[in-house]
Amino acid sequence: MNLYDSTILVVDDNRELVAMIQNILHRSGYSNVYCAGSCAQGLQAFCREEPQLVILDIMLPDGDGFSLFRKMREKAETPILFLSAKDEDNDRLFGLGLGADDYITKPFLSQELILRVGAVLKRTWFMPGKTKQEDGEEEPLLMLDGREISFSNASVTYNGKTVSLTAKELQILKKLNENRGKIVTFDTLCMAVWGDAYYGYENTLMVHIRHLRKKIEDNPSSPKWLLTARGLGYRLKKEE
């Protein structure tokens, strides 16, 4: 199975826009594109098709995309790209703060949509159930004050409870762990998460760092492990 075999679900009540998105995706090689025009239809299709990516409008006839996002995330950590005519920072940051993977504003260029879809799918193209590396050896776990962090399962286990890492949180933590003890610049982290189109995502990176700290720190407001290098980037502290 390759990237273009991914199942994509588009939830938007604008039929002309949905048809246009379908056409753009089909012409780019994505053949498994499903559509829904409401929250109810979107949730049904999400459970039925189990997509690898959801393109989700914020304004829907029977509710809002933010509420539907929460319901979807209760069922799976599927990447979700918000689509909206609104270009207000509050809406964008609220959606990203919920854990969305990206945000695109209508109207948009065909190439922009393809680049965003491809970038999200490439970042999240991993097997959640995989527990071994390609060479057959068990993947080492990252331990932080009793928290067991599994990169292969994208999860954090502590005191018998397990929480999932979003695709972006996983990419951020991987990059920091690869450079454990060293400062990783904002640009380097943004490049690792958003690829070549990373410019302008620094504030969004801060939102994901804040959510990540809630999962790996005892006191997120006074972090012990994921430290800020003011004006430079972030650093994952080594054990003393």
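In this report, the structure presented in the accompanying data block is examined. All values reported here derive from a predicted model rather than from experimental measurement.

### Some details on the overall build of the chain
The secondary structure content of the chain amounts to eight helices and 14 strands. Here the chain holds 240 residues, and 44% of them are scored as buried. At a minimum sequence separation of 6, the contacts of the chain that also span at least 24 residues come to 60%. Total accessible area on the chain is roughly 12600 Å²; 48% of this is exposed by carbon and sulfur atoms.

### Considerations on the pattern of salt bridges
Scanning the model with the defined rule gives nine salt bridges in all. Among the ionic pairs, Lys-106 bridges to Asp-57, the shortest N-O distance being 3.4 Å. Here the residue Lys-106 occupies a position in the loop between strand 7 (102–105) and helix 5 (110–123), and Asp-57 occupies one in strand 3 (residues 53–57), the gap between them amounting to 49 residues. The pair formed by Lys-106 and Asp-57 is uniform in burial state, with each residue classed as buried. Here Arg-147 ties to Asp-218 by a salt bridge, and the two come within 2.8 Å at their closest N and O atoms. Here Asp-218 lies in the loop between helix 8 (202–216) and strand 13 (226–229) and Arg-147 lies in strand 9 (residues 147–150), a separation of 71 residues in the sequence. Judged by relative accessible area, Asp-218 falls into the exposed class, the value being 52%. Taken together, the salt bridges that share partners define one network made up of Asp-12, Asp-57 and Lys-106.

### A short note on the sheet that holds strand 1 (residues 7–11)
Strand order in this open sheet of five strands is 2-1-3-6-7, and the pairing throughout is parallel. Each edge of the open sheet carries a strand with a single partner, namely strand 2 (32–36) and strand 7. This sheet shows a mean twist of 20 degrees between the axes of neighbouring strands, independent of strand direction. Pairing of strand 1 with strand 2, which is carried by five bridges, proceeds in the parallel orientation. Among the inter-strand pairings, Thr-7 is bridged to a residue of strand 2, identified as Asn-32. Against the sheet, helix 1 (residues 15–27) contacts strand 1, strand 2, strand 3 and strand 6 (80–84), and its axis sits at roughly 170 degrees relative to strand 2. Lying on the sheet, helix 3 (residues 65–75) is in contact with strand 1, strand 3 and strand 6; it crosses strand 6 at an angle near 170 degrees.

### Brief notes about helix 5
Structural remark: α-helix, 3.6 residues per turn; residues separated by three or four positions point the same way. With 14 residues, helix 5 should cover 20 Å at 1.5 Å per step; its first-to-last C-alpha distance of 20 Å lies within 8% of that length. The set of residues buried in helix 5 consists of Leu-113, Ile-114, Val-117, Gly-118, Val-120, Leu-121 and Arg-123.

### Overview of helix 3
Of the positions making up helix 3, those classed as buried are Gly-65, Phe-66, Leu-68, Phe-69, Met-72 and Arg-73. Buried residues of helix 3, seen end-on, are gathered within an arc of 155 degrees and therefore sit on one face of the element. For helix 3, exposure combined with an orientation more than 90 degrees from the buried face picks out Glu-74 and Lys-75. Taking the backbone nitrogen of Phe-66 as reference, a side-chain oxygen 2.9 Å away marks Asp-64 as the first, capping residue of helix 3.

### Some words on the sheet that holds strand 14 (residues 233–236)
Strands sit in the order 12-14-13 across an open sheet of three strands; the sheet is antiparallel. Bordering the open sheet on either side are strand 12 (183–185) and strand 13, each of which pairs with just one other strand. On average, adjacent strands in this sheet sit at an angle of 35 degrees to one another, irrespective of strand direction. Strand direction decides the pairing type here: strand 12 and strand 14, joined by three bridges, are antiparallel. The residue bridging Thr-185 from the neighbouring strand is Gly-233, located in strand 14. Each of strand 12, strand 13 and strand 14 is contacted by helix 6 (residues 167–178), which is oriented at about 70 degrees to strand 14, the strand it contacts most. Strands strand 12 and strand 14 of the sheet are contacted by helix 7 (residues 186–194), whose axis makes an angle of about 65 degrees with strand 12.

Procedures and definitions
- Residues numbered from 1 in each chain as written.
- Predicted model: local features only at pLDDT ≥ 70, side-chain atom pairs only at ≥ 80, totals over all residues.
- Heavy atoms only, no water.
- Helix = DSSP H or I, 4+ residues; strand = E, 2+ residues; numbered from the N terminus.
- Buried < 20%, exposed > 50% of the residue type's maximum accessible area, 1.4 Å probe, protein only.
- Contact = heavy atoms within 4.5 Å.
- Areas by Shrake-Rupley, 256 points an atom, 1.4 Å probe, with all protein chains shown as cover.
- Salt bridge = Lys/Arg side-chain N within 4 Å of Asp/Glu carboxyl O.
- Pairing = 2+ DSSP bridges.
- Axes fitted to C-alpha atoms, helices over the stretch in contact; angles between N-to-C directions.
- Expected span 1.5 Å × (residues − 1).
- Arc of directions from axis to C-beta.
- Polar contact = N/O pair within 3.5 Å; in protein donor to acceptor, adjacent residues only side chain to side chain.

All we've got here are geometric facts, nothing functional implied.
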